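Breakdown of the fold
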Amino acid sequence: MDRDDRDDPFGDFFEEIERMMNEMASGDAPSADDAGFGSDTHVDAYTTEESVRLVADLPAVSKDDLSLRCDGDALTISAVSDRREYDETVELPAPVDEHSADATFNNGVLEVSFDRDDDSASIDLV
């Protein structure tokens, strides 16, 4: 279809839809194995003076499939089910006390909170 896009404010919008339709038709779209994970996974980090909180969207994952590991600087979120496998390491915005972790998982939303670990020492100048 030929059209004059010079004055069309929706030109970019239609080009994007056409690109997505071509991907789906050619089979270049992301695989079904990645559905809900990979680039679709959304992790937000929130910090305060005392704590760090991460919120991750993990659709189609059950609580029993989840495994969490933290080394104080990064949180690794893993999930293995008969339909999906997911493994992501998220760098934390501040060092945390990994032993203070508190995690909840409800309706595909994982929330993990840590106390900040300000293990630095001030040095007195003499």
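The name given to the protein in an unreviewed UniProt entry is HSP20 type chaperone, with Halorubrum distributum JCM 9100 as the source organism.

This paragraph deals with the overall build of the protein. Secondary structure summary: the protein contains 1 helix and 7 strands in total. Helices and strands appear in the protein in the N-to-C order α-β-β-β-β-β-β-β. Scored against the burial criterion, the 126 residues of the protein give a buried share of 23%. Taking the contacts inside the protein whose residues are at least 6 apart along the sequence as the reference set, 43% of them involve residues at least 24 apart. Accessible area of the protein: about 9,400 Å², with a carbon and sulfur share of 46%.

Counting 18 residues, the largest nonpolar core has L58, L66, I77 and L110 as its most contacted members. Broken down by secondary-structure element, the contributors of at least two residues to this core are β2 (51-57), β4 (74-80), β5 (85-91), β6 (96-106) and β7 (109-116).

Below, the discussion takes up unusual backbone geometry. Working note: non-glycine residues mostly have negative phi, and peptide bonds are mostly trans. Phi at N107 is positive, roughly 50°, even though this residue is not glycine. One can find N107 in the loop between β6 and β7.

For the rest of this paragraph, the subject is the environment of H42. Tracing the sequence through the fold places H42 in strand β1 (residues 42-47). Remark: the alpha-carbon pair of H42 and V55, spanning 13 residues in sequence, is separated by 8.1 Å. Filtering out sequence-adjacent residues up to four positions away, H42 remains in contact with V55, A56 and D57. Polar contacts involving the side chain of H42 include one to the side chain of D44, which spans 3.0 Å.

Topologically, R84 is positioned in the loop between β4 and β5. According to the relative accessible area criterion, R84 is buried, its value standing at 14%. Through-space distance from the C-alpha of R84 to that of D65 is 9.8 Å; in sequence the pair is 19 residues apart.

One open sheet accounts for 4 strands, arranged β1-β2-β7-β6; its pairing is antiparallel. Edge positions in the sheet fall to β1 and β6, since each has one partner strand and no second. Across the sheet, the mean angle from the axis of one strand to that of its neighbour is 15°, orientation sign disregarded. Pairing analysis gives 7 bridges linking β6 to β7, with the strands arranged antiparallel. Residue pairing in the sheet places A103 in a bridge with V112 of β7.

As judged from the 7 bridges shared by β2 and β7, these two strands associate in the antiparallel manner. Residue pairing for β7: A56 is matched across the bridge by L110. Following β6, the chain reverses through 2 residues before pairing antiparallel with β7; N107 in that reversal takes a positive phi of roughly 50°.

Rules used throughout
- Residues numbered from 1 in each chain as written.
- Predicted model: local features only at pLDDT ≥ 70, side-chain atom pairs only at ≥ 80, totals over all residues.
- Heavy atoms only, no water.
- Helix = DSSP H or I, 4+ residues; strand = E, 2+ residues; numbered from the N terminus.
- Buried < 20%, exposed > 50% of the residue type's maximum accessible area, 1.4 Å probe, protein only.
- Contact = heavy atoms within 4.5 Å.
- Areas by Shrake-Rupley, 256 points an atom, 1.4 Å probe, with all protein chains shown as cover.
- Core = buried A, V, L, I, M, F, W, Y, C linked by side-chain atoms within 4.5 Å.
- Polar contact = N/O pair within 3.5 Å; in protein donor to acceptor, adjacent residues only side chain to side chain.
- Pairing = 2+ DSSP bridges.
- Axes fitted to C-alpha atoms, helices over the stretch in contact; angles between N-to-C directions.

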